[in-house]
Amino acid sequence: MDRSVSIPTLLEIAPGAVDELGALLGGVAVDLERPLVGTGGEQTAGVAERASAQLPGATLLTGLVGDRAGVEALVGEIRAREATVCLAVGGGRVIDTVKHASAQTGVPFVSVPTALSHDGICSPIASLVGAEGRRESLAAVMPAAVVVDLDVVRAGPARATRAGAGDLLSNLTALQDWRLAAARGRDAFDGYSALIAEASAHAFLYLAGAAEELSLETLARGLVLSGLAMATAGTSRPCSGAEHLISHSLDALLREDARLHGEQVALGTLVAAEAHGGVPAELRAAYDSLGLPRRAADLGLDPAVVVEAVLGAPATRPERYTILDELDLSRDAVKALVARALDD
Ligand SMILES: [Zn+2]
């Protein structure tokens, strides 16, 4: 049996793409009659205004923060204004809010990330903060179009780009976990989705330290492909293993002090790789050239917090079998593992 996967009708990754948005979207089957453009705070509002200027009659909504309440409010706006297409111009929170609201209303969604901070820029999964302050992953729809303006993401915070690099490289340990789970009969493995996730991470791994422009474009492509891997798999499995559980656990421990998703995942990847038999030299080298954290202290964290996070990680998603399910999770053993994985 074959399978169908929704993929965007338009993918543009180029410098200056935001100022070509009207022409780009005009060439695809998206109804531009009443566009609604959602964005976050001041950092992205300027880009959102440029995007709106490309779309006659567009309504601009600011202040999307990525919680369930924001989604409900946006669903109301989409219905009241009878929006024909929703654009998300911003970081992960804005994209996830618009993505989920679009899924609820059936209105096509266009992803215009202003930062390459995680692999949700082109995925069918939205991560939102629920009523109790916990992050939850929700099913959403693939964007109808993805437009990455390389000038915009280059001008954004370097920290966000590093986080995206961490999220992309985490595919490597996520895939080790997926293969392990399949070998233990705890999950079904899908080689095609794994291939996409692995190839995108590898391409980036071996380009780390290349010229910035090339590296940025490869990162954007890799994150888009990671989204495709999750869409073909029908689960986040190809891009989310023990390192993500460690990050979820850090979210629960640190609450509003949590670091960026991809930063935490980057630390988790080192711990997961160590648990799988050792951190490969090329991964350490990529971390160094990309400026990714190799110590808890690089994120301003105490290694004891990382130990705590590893101890709590399996409970954040008990059904996801990973290397953590095969470890001695006594405090002393986890302490030793974290000490081997990180350079604190
Ligand atoms: Zn992630």
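Report follows, based on the coordinates. If you're wondering where the values come from, they're calculated on a predicted model, not measured in any experiment.

What follows concerns the pairing of strand β2 (residues 35–39). Among the five residues in β2, five count as buried, and that is most of the element. Residue alternation in β2 divides its side chains into two sets, P35, V37 and T39 and L36 and G38, and both sets are buried. Here β2 runs beside strand β4 (residues 85–90); their pairing, made up of five bridges, is parallel. Following the sheet pairing, V37 is matched in β4 by L87. The sheet contact formed by β2 and strand β3 (residues 59–61) spans three bridges and is parallel. Bridged to G38 within β3 is L61. Each parallel crossover has a hand, and the one from β2 via helix α2 (residues 42–53) to β3 is right-handed.

D167 (OD), D167 (OD), H244 (NE2) and H261 (NE2) make up the full set of protein donors to the zinc ion, lying at 2.1 to 2.8 Å. Given four donor atoms and angles of 51 to 143° at the metal, the environment of the zinc ion is assigned as irregular. Coordination of the zinc ion draws on donor residues from a single chain, spaced D-x76-H-x16-H in sequence. In this pair, H244 sits in helix α10 (residues 242–254) while H261 sits in helix α11 (residues 261–275), placing the two residues 17 residues apart along the sequence. Residue H261 is classed as partly exposed on the basis of its relative accessible area of 29%.

An ideal rise of 1.5 Å per residue puts 32 Å on 22 residues; helix α9 (residues 212–233) measures up with 31 Å between its terminal C-alpha atoms. Of the residues trailing α9, G234 is marked for its positive phi of about 75°.

All right, on to unusual backbone geometry then. Positive phi is not limited to glycine here, since E82 has a value of about 50°. Looking at the element boundaries, E82 is found in the loop between α3 (68–80) and β4. Even without being a glycine, R255 presents a positive backbone phi close to 50°. Considering the arrangement of structural elements, one finds R255 in the loop between α10 and α11.

Conventions we followed
- Residues numbered from 1 in each chain as written.
- Predicted model: local features only at pLDDT ≥ 70, side-chain atom pairs only at ≥ 80, totals over all residues.
- Heavy atoms only, no water.
- Buried < 20%, exposed > 50% of the residue type's maximum accessible area, 1.4 Å probe, protein only.
- Helix = DSSP H or I, 4+ residues; strand = E, 2+ residues; numbered from the N terminus.
- Pairing = 2+ DSSP bridges.
- Right-handed = clockwise from strand over helix to strand, strands pointing away.
- Donors = N, O, S within 2.8 Å, 3.2 Å for Na, K, Ca; no water.
- Tetrahedral: all angles 85-135°; square planar, octahedral: opposite > 155°, others 65-115°.
- Expected span 1.5 Å × (residues − 1).

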